[in-house]
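Each chain, letter by letter, is given below.
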Amino acid sequence: MPKEFIEKAVLALLSRSKEVMLKRFGLNGEKEYTLDKIGQDLKITRERVRQIEKGAIAKINNAYAKEVSEFNSLFQNILSKNGGVMERNFFLHKTIAFMEGERGAKVKDAEEEKRNLVLIVALVKEIKHDLADKKHKDILYLNNESLETALLAIDEAIKIFAEEKNAMSFSDIFFRTKERQIFKEKNINLTEEAFLSYLTLSVEIGSSTRGQWGLKTWPFIFQKREG
């Protein structure tokens, strides 16, 4: 399990490296601190904190190459089944679900395990990470080709919603997007699993409690909560 591995790996680090990693990734009940906040606490520069974090990751990778490789295979498998690109929290949720379902693991604290998984993802060099921006949430992906497909699918779905000016079921928006000419020209076979993963990346697209998908600016779909 992620918790068991991280406890073993982080405890083996020197005290300062261990403290940085615990704070940086919110482990063992610590808050998830920024580089700047850790630097203030330890009275060192932000860049020095980054160097300590990088060094600690390298040490864990060298000491536990076999375990990291096993997690790498698991992560790549989950990403591949979901179009090669996933929103970070969606990926963490799917990974926990896989461990409980396929491996029969008993997860006592899902949120704690997710924090451990975030650190393990940082250990895996093959998994790429793009931070959130104005259009997209935090992204984990396998390669640039998959990322380009995901961003294309999002853009095309947004165009369809703008054209129709109405919400749709997932199956409707999936079919409409899949049949767009640009996917035929690029010979892209869009799957439902991949498309769902891609939609969760978008800041502009969401689903209502009734299972309808649309633009988050539509008040008749995404009503503001009172109070």
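These numbers were taken from a predicted model, which means no experiment stands behind them.

**Student:** Describe the overall build of the protein chain, listing the residues and the values that go with them.
**Tutor:** Helix and strand content of the protein chain: eleven helices and six strands. Referenced to the eigenvectors of the C-alpha coordinate spread, the extents of the protein chain come out at roughly 60 × 45 × 35 Å. When burial is assessed residue by residue, the protein chain has 46% of its 227 residues classed as buried. Once local pairs closer than 6 in sequence are excluded, the contacts in the protein chain between residues at least 24 apart make up 56%. If you sum the accessible surface of the protein chain, you get close to 13100 Å²; carbon and sulfur atoms cover 47% of it. Of the side chains in the protein chain, 39 bear a positive and 35 a negative charge, and the two mean positions are spaced by 4 Å.

**Student:** So what's going on with the sheet that holds strand E1 (residues 85-87)? Residues and values would help.
**Tutor:** Backbone hydrogen bonds hold the strands of a sheet together, and the pairing may be parallel or antiparallel. One open sheet accounts for three strands, arranged E1-E3-E2; its pairing is antiparallel. On the outer flanks of this sheet lie E1 and strand E2 (128-130), each paired with one strand and no other. Direction aside, neighbouring strands of the sheet carry axes that sit 25° apart on average. In terms of strand pairing, E1 meets strand E3 (residues 139-141) through three bridges, oriented antiparallel.

**Student:** Explain the packing of aromatic side chains to me, and be specific about the residues and the numbers.
**Tutor:** Tallied over the entire structure, the rule returns nine aromatic pairs. The interplanar angle of 40° and the centroid separation of 5.8 Å between the aromatic rings of Phe170 and Phe195 together place this pair among those described as tilted. Linking Phe170 in helix H9 (residues 170-178) with Phe195 in helix H11 (residues 192-199), this pair joins segments that are 25 residues apart in sequence. Note on Phe195: relative accessible area 0%, which makes it buried. Of the aromatic side chains, those joined through ring pairs into one cluster are Phe5, Tyr64, Phe71, Phe75 and Phe91.

**Student:** Tell me about the environment of Arg48, residues and numbers included.
**Tutor:** If you trace the backbone, Arg48 turns up in helix H4 (residues 46-63). Look at Arg48 and you get partly exposed, because its relative accessible area is 39%. Separated by 170 residues in sequence, Arg48 and Trp218 have C-alpha atoms that sit 45 Å apart.

Conventions used here
Residues numbered from 1 in each chain as written. Predicted model: local features only at pLDDT ≥ 70, side-chain atom pairs only at ≥ 80, totals over all residues. Heavy atoms only, no water. Helix = DSSP H or I, 4+ residues; strand = E, 2+ residues; numbered from the N terminus. Buried < 20%, exposed > 50% of the residue type's maximum accessible area, 1.4 Å probe, protein only. Contact = heavy atoms within 4.5 Å. Areas by Shrake-Rupley, 256 points an atom, 1.4 Å probe, with all protein chains shown as cover. Lys, Arg positive; Asp, Glu negative; His and termini not counted. Charge placed at Lys NZ, Arg CZ, Asp CG, Glu CD. Pairing = 2+ DSSP bridges. Axes fitted to C-alpha atoms, helices over the stretch in contact; angles between N-to-C directions. Phe/Tyr/Trp six-rings, centres within 6.5 Å; stacked < 30°, edge-to-face > 60°.

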